Amino acid sequence: MADKNSTISGGWEQQWDGLVVAAKNEREVTIITYPGTQYRTFMDSFETAFPGIKVQQTGGNASAIVPKVIQERQAGIYTPDVLISSVGTPFSLKPAGAIEPVRPLIFRGDVLDDKVWRDGFEAGFLDIEKRWMYAPTFNKNMGLWINTDQVGADEITTIKDLLKPKWKGKIISLDPRTVGVAWNVLDMQRSAGVEFVRQLYGEQEVVLVRDLRQGTEFMVKGQYSIGIGAPNAEAFVDFEAQGLGKNLKPLEIDGGTFLISTSIPYLFNRAPHPNAAKLFINWFLTKEAQTTWAKLTGQNSRRIDGVPPGDPRYLPTAGKKYPTIANEAQLAEEVQLQAFTKTVIK
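Given the structure is predicted, the values throughout are model-derived calculations rather than measurements. (Residues numbered from 1 in each chain as written. Predicted model: local features only at pLDDT ≥ 70, side-chain atom pairs only at ≥ 80, totals over all residues. Heavy atoms only, no water.)

S.K.: Give a detailed account of the nonpolar core, specifying residues and quantitative values.
M.R.: With 53 residues, the main nonpolar core has Trp 16, Phe 46, Leu 279 and Phe 280 as its most contacted residues. The dominant element in this core, judged by the number of residues it contributes, is helix α11 (residues 274-284), at 7 residues. What Trp 16 contacts, discounting residues up to four positions off in sequence, is Phe 50, Phe 107, Arg 108, Leu 279, Asn 282 and Trp 283. Among the nonpolar cores identified, the runner-up in size contains 47 residues, and Ile 32, Val 69, Ile 159 and Tyr 266 belong to it. (Core = buried A, V, L, I, M, F, W, Y, C linked by side-chain atoms within 4.5 Å. Buried < 20%, exposed > 50% of the residue type's maximum accessible area, 1.4 Å probe, protein only. Helix = DSSP H or I, 4+ residues; strand = E, 2+ residues; numbered from the N terminus. Contact = heavy atoms within 4.5 Å.)

Below, the structure is given as structure tokens:
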């Protein structure tokens, strides 16, 4: 690995120019993202920045991505180069040898510079080794939403209010039994306890969905009064652009609000376009790319060198302490919660 200080002080530009040439020789890069038109638009900006490199982009949910990729690899098929996903996803891919550390790839001086990142560059790593998962974005996640046409302003002031009989059958939730979704429920459990989780998912007839966009759409259409993890902030962007969902409101209450980083670039093992993948990952962390990403997705970049907020509503309130949920150290806690919800949900 190149020395960080020497890389920052200069000399990386020549390496960058050589990487651009090598990536253009590969002609394309295959990237898996979340579902949503904004991600295709972002890939278009990469193609504009590097003419001659085409992005083959597909959108999908982690619950569908992981088994498909593992199945393909068992058959000797190695198609994708890069995955942009959450913290939970790679821990199903890592044991299968499907991903590689990204830290050795990152070399741009304007990316490694501590001054351009909130809390410094290294703070972006969410894994214990600080090699596998680098989070350039973070949002205040308000995982509890209400339809203001159906829920009064003061009807839910604590998460225990979700147990009121009037909300039975009127709550939709992303399925906490699936990879990368239980973070919302983990925050609730920490605040209100395991018995609260048992009552909520065992007695309140909560409707479960696994598709982020579907859960968002159900709330936008007014089919449910309360959403846990739905609307999903990224999927909600498309509906907001159409003027929909104006009656939906996130609640910033204990047990329903935490900091989370979701857009983490991962490198697949045996990537068919390794140079283009390396180029994309480094570019993704630049000021230029982070500005575009924030604008399109509504996510807030950790860069503090002039990147405008993606959505000021999801910036942490100054002076307020928030739990940070999604990182490797807390993954075991999420796995335990997933196992518990499987015994509760029938």
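After that view, the rundown keeps rolling.
S.K.: Break down the packing of helix α8 (residues 194-203) against helix α13 (residues 331-344) for me, citing the residues and quoting the values.
M.R.: Contact geometry of α8 with α13 gives a least axis separation of 9 Å together with a crossing angle of 45°. Classed by the angle they form, the pair α8 and α13 counts as oblique. When the axes of α8 and α13 are compared, the crossing they make is right-handed. Seen from α8, the contacting residues are Val 194, Val 197, Arg 198, Tyr 201 and Gly 202; seen from α13, they are Leu 337, Phe 340, Thr 341 and Val 344. When its residues are assigned to classes, the contact of α8 with α13 shows 6 nonpolar, 2 polar and 1 charged. (Axes fitted to C-alpha atoms, helices over the stretch in contact; angles between N-to-C directions. Parallel < 35°, antiparallel > 145°, perpendicular 65-115°, else oblique. Left-handed = near helix turned anticlockwise from the far one by under 90°. Nonpolar A, V, L, I, M, F, W, Y, C, P; charged D, E, K, R; others polar.)

S.K.: Run through the environment of Lys 320, naming residues and quoting values.
M.R.: With respect to the helices and strands, the residue Lys 320 is situated in the loop between β13 (300-301) and α13. The exposure class assigned to Lys 320 is partly exposed, which follows from its relative accessible area of 40%. Within polar-contact distance, the side chain of Lys 320 engages the side chain of Glu 252 at 3.3 Å. (Polar contact = N/O pair within 3.5 Å; in protein donor to acceptor, adjacent residues only side chain to side chain.)

S.K.: Please set out the sheet that holds strand β1 (residues 28-33) residue by residue, giving values where relevant.
M.R.: With respect to topology, 5 strands assemble into an open sheet ordered β2-β1-β3-β12-β4, the strand pairing being mixed. Each end of this open sheet is capped by a strand with a single partner; those strands are β2 (54-59) and β4 (99-100). With 4 bridges connecting them, strand β3 (residues 82-85) and strand β12 (residues 264-268) associate as antiparallel partners. Opposite Leu 83, over in β12, you have Tyr 266 as the bridge partner. The strands touched by α11 within the sheet are β1, β3 and β12, with β3 carrying the most contacts at an inclination of about 30°. (Pairing = 2+ DSSP bridges.)

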